[in-house]
Amino acid sequence: MSEGHWVKGIADEIIGRGDEKIVVHTGKTPSGPIHIGAEREQFICSAIQKELTRRGLESTFNFIIDSYDPIKSIPVGVKVPIGFEENIGKPLSDVPDPLGCHESYAVHYADEFVQCQSRLGLSPNVIYSHVLYQQKEMKDAIRTVLARLDELRIIRKRFIQEEGENSADDWNPVMVVCDNCGKIASKKKEVAPNRVTSWDLRKDEVSYLCTSCGYQGTGSISGTRLKLSWRVDWAAKWAVFKVTCEPAGKDHCVKDGAYDMGLEVCSKIFGYRGPLRVSYEWLTLGDRAMKTHKGITFTPTEWLRIAPPEPLRYLILSADLMRHVSFLPERIPDLVDNFDRLERIYYGSEPPSGNESIKYMRDLYEICTVTNHSSQPGRIPYRFCVYMVQLEGLFTSGGIISKSADYLSKLIGRPATEEEREDMRARLTNAKNWVESYAPPNLKFQISTEAPSYKPKSDEERAFIGAVIKLLEKDLKEDDLQNEIFNVARSLGLEIGEAFSLIYRILLGSERGPRLAPLLMALDRDWLLDRLRSVI
């Protein structure tokens, strides 16, 4: 096992397989808005590909859109026209887009997800399963299944114990889109797929009975719209694409679970050994599992509306694969700060802490980056942006840009490049959206433009305000300013909370506010000094 990030060990195992071509694979069913939990699998594949590229090896990254699956329900929060429920049971690729902007329901939600991927540093080959199933390779896989169904039933019986209609003796995995009603399954209490009832491989024909409308149909394997049920479908795709590695959630990877069955089907029915298994834990929205059908989602599109792409990669790729990752939108400033710190460590402008491996940190940064940089890029702190975008009462939008650019140049010790200024503008937009949608009360504020009504009540309070004015005139860095304000309050015998509350009353007209130093740094210095002087 290689030292450093866990992706190195996976790359070692992949190379050790000796595959002629390296193919990493993942997939997702577009049953509704696709949440950021799906990015864990995507980013694992992306990290593997980056590591292989670093070692001089070519690889292919396929992303399968399972658009041939039936639509089973309308997800909570998805608005559909009257009568849309009639589409339940049709392949997602055949269901109309409820918003009318794409060719189908499947393409609408897949495209919403796929369009974000390049911004997140991914470039997979996107393959729609409803198109894939019309190709010879999948038709041949279906023929193989029908020819070796007895063997397949024996394998399935070891993994799935069922009685009645779907018992191992009469089960088959070949599903059919009905020529009459267009459904691939019916749903009352449970989903009941249309399955072929008989077949003749010499004639290349299948017959079926539709569980939805009762239609009995016959057609050629080549011409009939057929699909394999998901466990067999999974194994067939591994064999068709000669998949080297496919990550999967922990539920599929348990002993005798779907992955184990898939590997046996792939090997014994399709004649391919199957991929390297990489198991991972879930990413949740706080303590809630994200589920499309329940409307519990947070999409990549929404992430990119409020934050840069790299911190999402950092959130997911910094965790061990079998560690649960919990995300709340309120944590965005912390996540961006953490990524910025990782970047500074990578470029040597900040040391790692005593228990941090510099090799691990460097590996992590390289798989988190979306854009390669020849030198450390200047970044404006996200938290500073959170303060700046709430100062529109004092600055015009142009003034906010100008103040932020001056602050960025001061931080990096040189004029910011146009690329750095563009990144700054993007962060300001992200921060504005975050404040409006997710900021907790302690980070929201409004500067009072009226003359402050609060006046110091003691010599100590007047001395404290005077000392803060002198500190602001020194042009200190943010952390130094915060520490010096603490020291001044202590030296004057003032309780820290009350001392800070004094400044908040003068600036905000309230007793509480956000972290003081970043707020003071964001304000126009002349306005701030005049404001503080006016009360003493």
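Quick summary incoming for the structure in this document. Since we're looking at a predicted model, the values are computed, not measured.

**Points about the overall build of the protein**
Across its full length, the protein holds 21 helices and 15 strands. C-alpha atoms of the protein, sized along the principal axes, occupy 100 × 55 × 40 Å. Sorting the 536 residues of the protein into buried and exposed places 53% on the buried side. A sequence separation of at least 24 residues applies to 71% of the contacts in the protein between residues at least 6 apart. Carbon and sulfur atoms form 47% of the exposed surface of the protein, whose accessible area is close to 24500 Å². Both charge centroids of the protein, one from 71 positive and one from 76 negative side chains, sit 2 Å from each other.

**Points about the environment of Cys 266**
For Cys 266, the location among the structural elements is in helix H9 (residues 258–268). Sequence separation between Cys 266 and Pro 81 is 185 residues; the distance between their C-alpha atoms is 42 Å. In contact with Cys 266, other than residues within four places in its own chain, are Ala 235, Trp 238, Ala 239, Gly 271, Tyr 272 and Gly 274.

**What to know about the sheet that holds strand S9 (residues 216–220)**
The three strands lie next to each other as S7-S8-S9, forming an open sheet whose pairing is antiparallel. Either end of the sheet is taken by a strand with one partner, and the two such strands are strand S7 (196–200) and S9. Recorded for the sheet is a direction-independent mean angle of 15 degrees between the axes of neighbouring strands. Note that S7 and strand S8 (residues 205–209) share four bridges and pair antiparallel. Within S8, the position partnered with Val 196 by the bridge is Tyr 208.

**Section: the packing of helix H17 (residues 459–473) against helix H19 (residues 496–508)**
For the pair H17 and H19, the least separation of the axes is 11 Å and the interaxial angle reads 75 degrees. Our classification of the angle between H17 and H19 gives roughly perpendicular. Of H19, the residues touching H17 (which contributes Glu 461, Phe 464, Ile 465 and Val 468) are Ala 499, Leu 502, Ile 503 and Ile 506. In terms of residue class, the contact of H17 with H19 is made up of seven nonpolar, no polar and one charged.

**Let's talk about the packing of helix H11 (residues 310–317) against helix H13 (residues 358–368)**
H13 packs onto H11 with a crossing angle of 130 degrees between their chain directions and a minimal axis gap of 9 Å. When the interaxial angle is binned, H11 and H13 end up oblique. The interaxial crossing formed by H11 with H13 has right-handed handedness. Between H11 and H13, the contacting residues are Glu 310, Arg 313, Tyr 314 and Leu 317 on the first element and Tyr 360, Leu 364, Ile 367 and Cys 368 on the second. Among the residues making up the contact of H11 with H13, the classes are represented as six nonpolar, no polar and two charged.

**So, the sheet that holds strand S14 (residues 288–289)**
Strands sit in the order S14-S13-S15 across an open sheet of three strands; the sheet is mixed. Among the strands making up the open sheet, the edge pair consists of S14 and strand S15 (325–327).

**Regarding the pattern of salt bridges**
Evaluation of the coordinates by the stated rule reveals 44 salt bridges. Salt-bridge contacts for Asp 19 lead to Arg 273; the nearest nitrogen and oxygen are separated by 2.4 Å. Taken together, the residues span a long stretch of sequence, with Asp 19 in the loop between helix H1 (6–17) and strand S1 (23–28) and Arg 273 in the loop between H9 and strand S12 (276–280) at a distance of 254 residues. A relative accessible area of 19% means that Asp 19 is categorised as buried. For Arg 273, a relative accessible area of 45% corresponds to the partly exposed category. Linked through salt bridges whose partners overlap, the residues forming this network are Lys 8, Asp 12, Glu 51, Arg 54, Arg 55 and Asp 363.

**Description of H1**
An ideal rise of 1.5 Å per residue puts 16 Å on 12 residues; H1 measures up with 18 Å between its terminal C-alpha atoms. Taken together, the buried positions of H1 are Trp 6, Val 7, Lys 8, Gly 9, Ile 10, Ala 11, Ile 14 and Arg 17. For H1, the secondary structure elements touched by its buried residues are helix H2 (38–54), strand S11 (245–249), S12, H11 and H13. Count one or two residues on from H1 and you reach Gly 18, which has phi positive near 75 degrees.

**As for the state of the cysteines**
What the rule picks out here adds up to zero disulfides. Free cysteine Cys 266: the closest other cysteine sulfur is in Cys 245, separated by 14 Å. With relative accessibility at 0%, the residue Cys 266 sits in the buried group. Free of any disulfide, Cys 368 has its nearest neighbouring cysteine sulfur in Cys 45, separated by 16 Å. According to the relative accessible area criterion, Cys 368 is buried, its value standing at 0%.

**As for helix H18 (residues 478–491)**
Spanning 14 residues, H18 covers 20 Å between terminal C-alpha atoms, matching the ideal 20 Å at 1.5 Å per step. Inspection of H18 places Leu 481, Gln 482, Ile 485, Val 488 and Ala 489 among the buried residues, and these make up the whole buried set. Along the long axis of H18, the arc covered by the buried residues comes to 125 degrees, so they all point the same way. Exposed residues on H18 whose side chains face more than 90 degrees from its buried face are Arg 490 and Ser 491. Buried positions along H18 lie against H17, H19 and helix H20 (516–522).

**Topic: the pairing of S8**
Note that S8 and S9 share five bridges and pair antiparallel. By the bridge assignment for S9, Tyr 208 is matched with Gly 217. Between the antiparallel neighbours S8 and S9 lie six residues, among them Gly 214 with a positive phi of about 80 degrees.

Basis of the calculations
Residues numbered from 1 in each chain as written. Predicted model: local features only at pLDDT ≥ 70, side-chain atom pairs only at ≥ 80, totals over all residues. Heavy atoms only, no water. Helix = DSSP H or I, 4+ residues; strand = E, 2+ residues; numbered from the N terminus. Buried < 20%, exposed > 50% of the residue type's maximum accessible area, 1.4 Å probe, protein only. Contact = heavy atoms within 4.5 Å. Areas by Shrake-Rupley, 256 points an atom, 1.4 Å probe, with all protein chains shown as cover. Lys, Arg positive; Asp, Glu negative; His and termini not counted. Charge placed at Lys NZ, Arg CZ, Asp CG, Glu CD. Pairing = 2+ DSSP bridges. Axes fitted to C-alpha atoms, helices over the stretch in contact; angles between N-to-C directions. Parallel < 35°, antiparallel > 145°, perpendicular 65-115°, else oblique. Nonpolar A, V, L, I, M, F, W, Y, C, P; charged D, E, K, R; others polar. Left-handed = near helix turned anticlockwise from the far one by under 90°. Salt bridge = Lys/Arg side-chain N within 4 Å of Asp/Glu carboxyl O. Expected span 1.5 Å × (residues − 1). Disulfide = S-S within 2.5 Å. Arc of directions from axis to C-beta.

Remember, this is a structural readout, not a statement about activity or role.
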